[in-house]
Amino acid sequence: TGDYGLARRTARGLRRSDTPGDLDRYSLFAAAYVFTKYYFPARAVLLLERALEAAQQANDWATECICRDCLGIALKQTGLFRHSITHFNTSIALARKTMNPNGEARCLQNRAVSEMALGDFTQVFETLDEADALPYASWGFRTFNVYNRAMSWVWLGDMERAYKLF
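Residues numbered from 1 in each chain as written. Predicted model: local features only at pLDDT ≥ 70, side-chain atom pairs only at ≥ 80, totals over all residues. Heavy atoms only, no water.

> When you look at a nonpolar patch on the surface in this model, what are you seeing that I'm missing?
Among the surface-exposed residues, Tyr38, Tyr39 and Phe40 lie close enough to one another that they form a single nonpolar patch of about 370 Å² accessible area. Take phenylalanine 40: its relative accessible area is 37%, and that puts it in the partly exposed class. (Patch = residues over 30% accessible without salt bridge, like charges linked within 9 Å, V, L, I, M, F, W, Y side chains within 5 Å. Areas by Shrake-Rupley, 256 points an atom, 1.4 Å probe, with all protein chains shown as cover. Salt bridge = Lys/Arg side-chain N within 4 Å of Asp/Glu carboxyl O. Buried < 20%, exposed > 50% of the residue type's maximum accessible area, 1.4 Å probe, protein only.)

> Looking at this structure, how should I read the environment of valine 154?
Locating valine 154 in the fold gives a position in helix α8 (residues 142-155). For valine 154, a relative accessible area of 27% gives the class partly exposed. Not counting residues within four places of it along the chain, the set of residues in contact with valine 154 comprises Met159, Ala162 and Phe166. (Helix = DSSP H or I, 4+ residues; strand = E, 2+ residues; numbered from the N terminus. Contact = heavy atoms within 4.5 Å.)

> In this structure, what is going on with the pattern of salt bridges? I would like to understand it.
Any two side chains of opposite charge can pair, on the condition that their charged atoms come close. Evaluated as defined, the whole model comprises 11 salt bridges. Glutamate 115 is the partner of arginine 111 in a salt bridge, and the nearest nitrogen-oxygen pair spans 3.2 Å. Here arginine 111 and its partner glutamate 115 are both found in helix α6 (residues 101-117), four residues apart, which amounts to about one turn of the helix. Residue class for glutamate 115 comes out buried when judged on its relative accessible area of 4%. The residue arginine 149 makes a salt bridge to aspartate 129 at a minimum N-O spacing of 3.1 Å. Remark: aspartate 129 occurs in helix α7 (residues 121-132) and arginine 149 occurs in helix α8; sequence separation between them is 20 residues.

> How should I be thinking about helix α4 (residues 61-77) in this particular structure?
An α-helical segment advances 3.6 residues per turn. Residues three or four places apart therefore align on the same side. Counted at 1.5 Å a residue, the expected span for α4 with its 17 residues is 24 Å, and the 24 Å between its end C-alpha atoms agrees. Counting buried positions over the 17 residues of α4 gives 13, a clear majority of the element. Just past α4, the residue glycine 79 takes up positive phi, approximately 90 degrees. (Expected span 1.5 Å × (residues − 1).)

> Please explain helix α5 (residues 81-97) as it appears in this structure.
Between its terminal C-alpha atoms α5 stretches 24 Å, which fits the 24 Å expected from 17 residues at 1.5 Å a residue. Burial in α5 covers these residues: Ser84, Ile85, His87, Phe88, Ser91, Ile92, Leu94 and Ala95. Next to the buried residues of α5 lie α3 (41-57), α4 and α6. Of the residues one or two after α5, methionine 99 is the one with positive phi, at around 55 degrees.

That's the geometry; what it means functionally is another story.
What follows is the structure in structure tokens.
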């Protein structure tokens, strides 16, 4: 929505109520985003699932894409790494279908973090390579790719490779 104040007020109202009223997919997503960002990911999951369902019913692929990406993030924060990857993969496909290169880059980055949490560093490097190969050199998430690549080398004990990236 772009209205952070509205998202914050909506999130506060939802936090105080176990049965939020009839909110559209955008309001549900905005509130869930605030919950996820400010460390209430378990509460965000239910809102994101509702927003996702509403986006699917409306055939709103762009909103479905961002809902799945944020749902993957919330699931990752709750420790459900494999389940998060499923949502990231679908979000990547939707980003490609809607020709949203920033969404594709964002989802690849988020998937790599879940793969890192699982210790699947072969897949982490493949995902980061896929993101690095995207034909737009200036997207802001590239910095996170470098950082996560370096951290992967740290976890693998190769400080020399990590040092070159930091």
